[in-house]
Amino acid sequence: MGTFAGVFTPSVLTILGIILFLRLGFVVGSAGLGRGLLIIGLANCISILTTISLSAIATNLKVKRGGDYYLISRTLGVEFGGAIGIVLFLAQSVSIAFYCIGFGEAVCHLLPQETLFSAPIMAAGAVALLFVFAWLGADWATKFQYVVMGILIGALLSFFSGGIVHWDGALLSRNWSHPASGGDFWMLFAIFFPAVTGFTQGVSMSGDLKDPGKSLPFGTFAAVGISMAIYFGSAIVFAATLPSEILIADFGAMKQVASFDLFIVAGVIAATLSSGMASFLGAPRILQSMAQDRIFPVLLPFAQGSGATANPRRGVLLSAGIAYATICLGELNIIAPIVSMFFLVSYGLLNYATYYEARASSPSFRPRFRWFDKRLSLSGCVVCLGAMLAIDIFAGLIAVSILFSVFQYLKRTAGPSRWSDSSRSFHLQQVREHLLAAAAEPEHARDWRPQLLAFSDHARRRGWLLKFCEWIEGGSGLTSVARILAGEGIKMLKLRDDAEAELRADIAKHNSKAFPLALVSPNIPEGIHTLVQAFGVGPLRVNTAVFNWVEHLPGRFFGLGEERYGNFLRSAFRFGCNIIVLDVKEEEWATLDTLPPKDRRIDVWWWGDATSQLVLLLAYLMKRSEDWDGAKIRVLAADYERKTKKAKEELKTRMEEVRIEAEPKVIVNARAETIKKESGDATIVLLPFRLRGNQVLGPFGDKIEDLLPALPMTALVLAAEDIDLEAEPEDGKAGETARLLDELSDSERKLREAEKEASKALETAEEQIAERKIAVVSGDEKEAQDTDKAKGEAERAARKAAKAKAKFGEAVRKAKAAGVDLARDKEASHDSGYRKE
């Protein structure tokens, strides 16, 4: 279908519905024309803002079947899409009953009171009539809507022509203000608002459109613009033709204005049936689209369509069933506000989805609709939320609760997404903005986080390394697991892709949150050098390299001999990376799995240096994970000469100062055998180590391979940077910058005072010199002495100012040397000279 048949007609016929004929006069009479126009404008503000969002997102995607559901699901994801889809289907299905009951009530008013046909029976008949057209398909329904539109145009012409005949300017002035017996503004807004909820009916027909990207914006804007003009014009005609008392008392006041009241009756009937028809066409198509996306398994039978246009007849049957159930239930006053909230939620989400897409700044967001601004979409979302709170906060909470429940259900059960939404683009944009913001701030010891680069060439032990990295991240760092492939040539590209796929599979297998990285390098050492220097972006750089211990891989580490292992560690260390080497045996890992967290113990060996600080922090981070929650940290301090109570208290105080709960123990005359004895029964040992040449040595300078076999799972640690566990907010570059700026400000203040004093002394001296010339003629010796004194004061003030300027210049140089960005060249701002006379 084209724009007129597929978008404009169903939208405008739904907007110009029962509210126009039976409630607009009541709203104008109760609120006064001034407030009535404000109500119409505010309600249509939602329509316009949402239409702008709709136009942007519809011209950026090839819109398929499903309307609002399709647009929201392809932008915000399956959870939001499925939640809004199911509630919109229910809302539109229930709306069929609402419109048909309105039809039944209008017809019953025309029939004698003793008739056997009640409003519910007439409503059921109307549902059956609309069902036939919906069953036959959109083409037949559109032909029916053309008939309805003809009747609607006749009714409006009759009303406006009658308004011209009965026009009364004085009555218009009297009806402008709010009458004493009028209703509350927001209550009247709630009565009128359903009039504008039909402007997205054309969106529901998206799957039946020839060119959705063109038809949806143009058709919806045309429907909203024309209907808004009709509502404003009708409100003015009501106020200029009938007093407010009649408008409030008579819901059918439009008949009193129209030239032919029969056209108004026909218009009421046509409006209700057209609105019901639009809902009958939209609801099954939303259901069919959700079924085809396989969001809810129970809906799979509704994916099938009939005929060349895939008419969703099974959905038509279900919508008819819901409509009949609603008519039988009869409690429309309870359900109606909640249904209105569903529509408002969908409009709000449509606006937010467009803002979300634009906020992601993805290069793929290229809407053809030029009059779009993301701030308008965000405003539309906020206005929808405000309308929900103003109309009925209780019904709004119920609608949002239902939506949230479906969202949570889909979040747990939906499985992998079947399409790409905008969430990844949004997250990438957030990463960009946050990295730029972090880079703009000075580094501080309190911001340190473990950014891990784990080298793994052995699939069997990769899982242990990934788990260990997850522990020492503590939920605050990131891990990348790297594999280096030595070689050259085009064949290495395929090997690299295979290696990265293997890493990705292992990460998924062990449920790790690491990132895979495969690197091709001419040789392994060059690959390690490249990675530890270049890996990362902006302030997010690797600071810790993690390796498996080579002992369990006889003769190979990344395909090379064991003698090169220490060289690799030293290379990473020289480039500023902390080094962690994990030594774990298969039986130790199996034993660990059987121990509950509260029975585990982390032994930290402490020498009071930078490595000891890092080791203690890693132990604390490990306790953040579920696997070590409740485990005990034991700090074994080997840097004391004597084991005294004071030494233990000092160590305990040290732990309290760094805010890490640990059991301190002082070890005197520690040796390798002491470590074996003290930590042989620990769950894991965090032990500092040394590098001497290409040799990996223990904390006492002996061979580490002689120590490790007697210990449980062990992490050898060597710090390449100072880890300050007691860093204060005022420390670091920020504090240094503040001190330099304070020093600069004080020196500048003193310089200004000295300049002022010198200037004043200079003026005094100049006055005395002028007076001395006169005194020389007259022979006044006292005047000559005063002049000499003034000159001395001026010289002293000038020297004081010069000294202050030198101090100020030194403060400027120190600030610049520290990288402080001065707002202006302060050194040039005080370049005054002082004359000596």
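Summarised in this report is the structure supplied together with it. (Residues numbered from 1 in each chain as written. Predicted model: local features only at pLDDT ≥ 70, side-chain atom pairs only at ≥ 80, totals over all residues. Heavy atoms only, no water.)

### Let's talk about the overall build of the chain
Secondary structure assignment for the chain yields 28 helices and 14 strands. For the chain, the C-alpha atoms occupy an extent of roughly 110 × 110 × 60 Å along the three principal directions. In the chain, buried positions account for 52% of the 837 residues. For the chain, the share of sequence-separated contacts (at least 6 apart) that also reach a separation of at least 24 residues comes to 81%. Roughly 39200 Å² of accessible area belongs to the chain as shown, and the carbon and sulfur atoms make up 57% of that amount. Considering the chain, the positive charge centre built from 92 side chains and the negative charge centre built from 92 side chains are found 4 Å apart. (Helix = DSSP H or I, 4+ residues; strand = E, 2+ residues; numbered from the N terminus. Buried < 20%, exposed > 50% of the residue type's maximum accessible area, 1.4 Å probe, protein only. Contact = heavy atoms within 4.5 Å. Areas by Shrake-Rupley, 256 points an atom, 1.4 Å probe, with all protein chains shown as cover. Lys, Arg positive; Asp, Glu negative; His and termini not counted. Charge placed at Lys NZ, Arg CZ, Asp CG, Glu CD.)

### Description of the environment of Ala 801
You can see Ala 801 is positioned in helix H27 (residues 781–817). By relative accessible area, Ala 801 is classed as buried at 0%. Residues Ala 801 and Glu 753, 48 residues apart in the sequence, show an inter-C-alpha distance of 8.3 Å.

### Overview of the pattern of salt bridges
Enumeration according to the criterion identifies 24 salt bridges in this entry. The salt bridge partner of Asp 498 is Lys 494, with a shortest N-O separation of 2.8 Å. With Asp 498 and Lys 494 both in helix H19 (residues 491–509) and 4 residues apart, the pair spans about one turn of that helix. Taking relative accessible area as the criterion, Asp 498 reaches 38% and is therefore assigned partly exposed. The partner of Glu 753 in a salt bridge is Arg 749, and the shortest N-O contact between them spans 3.5 Å. Taken together, the residues Glu 753 and Arg 749, both in helix H26 (residues 732–778) and 4 residues apart, mark about one turn of the helix. The class of Arg 749 is partly exposed, set by a relative accessible area of 42%. Through salt bridges that share partners, Arg 601, Asp 603, Arg 634, Lys 665, Glu 678 and Asp 681 make up one connected network. (Salt bridge = Lys/Arg side-chain N within 4 Å of Asp/Glu carboxyl O.)

### Regarding the layout of surface pockets
Estimates place the volume of the largest pocket at around 1800 Å³. Along the walls of the largest pocket sit 47 residues, with Asp 447, Trp 448, Arg 449, Pro 450 and Gln 451 positioned nearest its centre. Mapped onto the lining of the largest pocket, the elements with two or more residues apiece are helix H17 (423–440), strand S1 (451–455), strand S2 (478–486), strand S4 (536–537), strand S5 (540–541) and helix H23 (610–622). A per-class count over the lining of the largest pocket returns 25 nonpolar, 10 polar and 12 charged. Each pocket or cavity is described by its volume, and for the second largest pocket that value is around 1200 Å³. (1 Å grid on protein atoms, 1.4 Å probe; cavity = no way out; pocket = protein on both sides within 12 Å on 5 of 7 lines; lining within 4 Å. Points joined across faces, edges and corners; volume = space filled by probe spheres on them. Nonpolar A, V, L, I, M, F, W, Y, C, P; charged D, E, K, R; others polar.)

### Some points on the nonpolar core
If you look at the biggest cluster of nonpolar residues, it comprises 136 residues, and the most contacted ones within it are Leu 20, Phe 21, Phe 192, Tyr 231, Met 277, Phe 280 and Leu 344. Sort the elements by how many residues they give to this core and helix H5 (residues 78–110) lands first, with 17 residues. Tyr 231 has contacts with Ile 15, Leu 16, Gly 17, Ile 19, Leu 20, Leu 24, Ile 40, Phe 192 and Ala 195, leaving out every residue within four places of it along the chain. By size, the runner-up hydrophobic cluster in this structure holds 46 residues, among which are Leu 465, Met 655, Ile 684 and Met 713. (Core = buried A, V, L, I, M, F, W, Y, C linked by side-chain atoms within 4.5 Å.)

### Notes on the packing of aromatic side chains
Scanning the entire structure with this criterion turns up 28 aromatic pairs. Between Phe 159 and Phe 160, the aromatic rings sit 5.4 Å apart at their centres with planes inclined by 65°, giving edge-to-face as the arrangement. With relative accessibility at 27%, the residue Phe 160 sits in the partly exposed group. The residue whose ring lies beneath Arg 23 is Phe 251, and the NZ or CZ to ring-centre distance is 3.9 Å. (Phe/Tyr/Trp six-rings, centres within 6.5 Å; stacked < 30°, edge-to-face > 60°. Lys NZ or Arg CZ within 6 Å of the ring centre and 35° of its normal.)

### Re H17
In this model H17 runs 26 Å from its N-terminal to its C-terminal C-alpha over 18 residues, within 8% of the 26 Å that 1.5 Å per residue would give. Along H17, the residues classified as buried are Phe 426, Gln 429 and Gln 430. End-on, the buried residues of H17 take up no more than an arc of 100°, which puts them together on one face. H17 presents Arg 424 and Ala 439 as exposed residues on the side facing more than 90 degrees away from its buried surface. (Expected span 1.5 Å × (residues − 1). Arc of directions from axis to C-beta.)

### Things to note about the packing of H5 against helix H13 (residues 261–292)
It is the contact of H5 with H13, at a shortest axis distance of 8 Å, that shows an interaxial angle of 160°. The angle between H5 and H13 places the two elements in the roughly antiparallel class. Note that H5 runs across H13; the crossing there is left-handed. The class makeup of the residues in the contact of H5 with H13 is 20 nonpolar, 11 polar and no charged. (Axes fitted to C-alpha atoms, helices over the stretch in contact; angles between N-to-C directions. Parallel < 35°, antiparallel > 145°, perpendicular 65-115°, else oblique. Left-handed = near helix turned anticlockwise from the far one by under 90°.)

### Concerning the packing of H5 against helix H14 (residues 313–329)
Direction vectors running N to C along H5 and H14 enclose 55°, while the axes themselves pass 8 Å from each other. As the angle between them shows, H5 and H14 are arranged oblique. For the element pair H5 and H14, the recorded crossing hand is right-handed. Here Phe 89, Leu 90, Ser 93, Val 94, Ile 96, Ala 97 and Ile 101 of H5 come into contact with H14, specifically with Leu 318, Ser 319, Ile 322, Ala 323, Thr 326 and Ile 327.

### A closer look at the pairing of strand S3 (residues 515–521)
In the sheet, S2 pairs with S3 via 7 bridges, with the strands oriented parallel. Each bridged residue has a counterpart across the sheet, and for Leu 485 the counterpart in S3 is Val 520. As a crossover connection, the stretch from S2 through H19 into S3 is right-handed. (Pairing = 2+ DSSP bridges. Right-handed = clockwise from strand over helix to strand, strands pointing away.)

### Examining the sheet that holds S2
Strands belonging to one sheet form pairs held by backbone hydrogen bonds; the direction of such a pair is parallel or antiparallel. In space, the 10 strands of this open sheet follow the order S3-S2-S1-S6-S7-S14-S11-S8-S9-S10, with mixed pairing throughout. Each edge of the open sheet is held by one strand with a lone partner, namely S3 and strand S10 (663–668). Taking each pair of neighbouring strands and ignoring which way they run, the sheet shows an average axis angle of 25°. Alignment of strand S7 (residues 578–583) against strand S14 (residues 713–718), held across 5 bridges, turns out to be antiparallel. Across the sheet, the residue bridging to Asp 583 is Thr 714, located in S14. Packing of H23 onto the sheet brings it into contact with S7, strand S8 (601–606), strand S9 (632–640), strand S11 (684–688) and S14, and relative to S8 it is tilted by some 165°.

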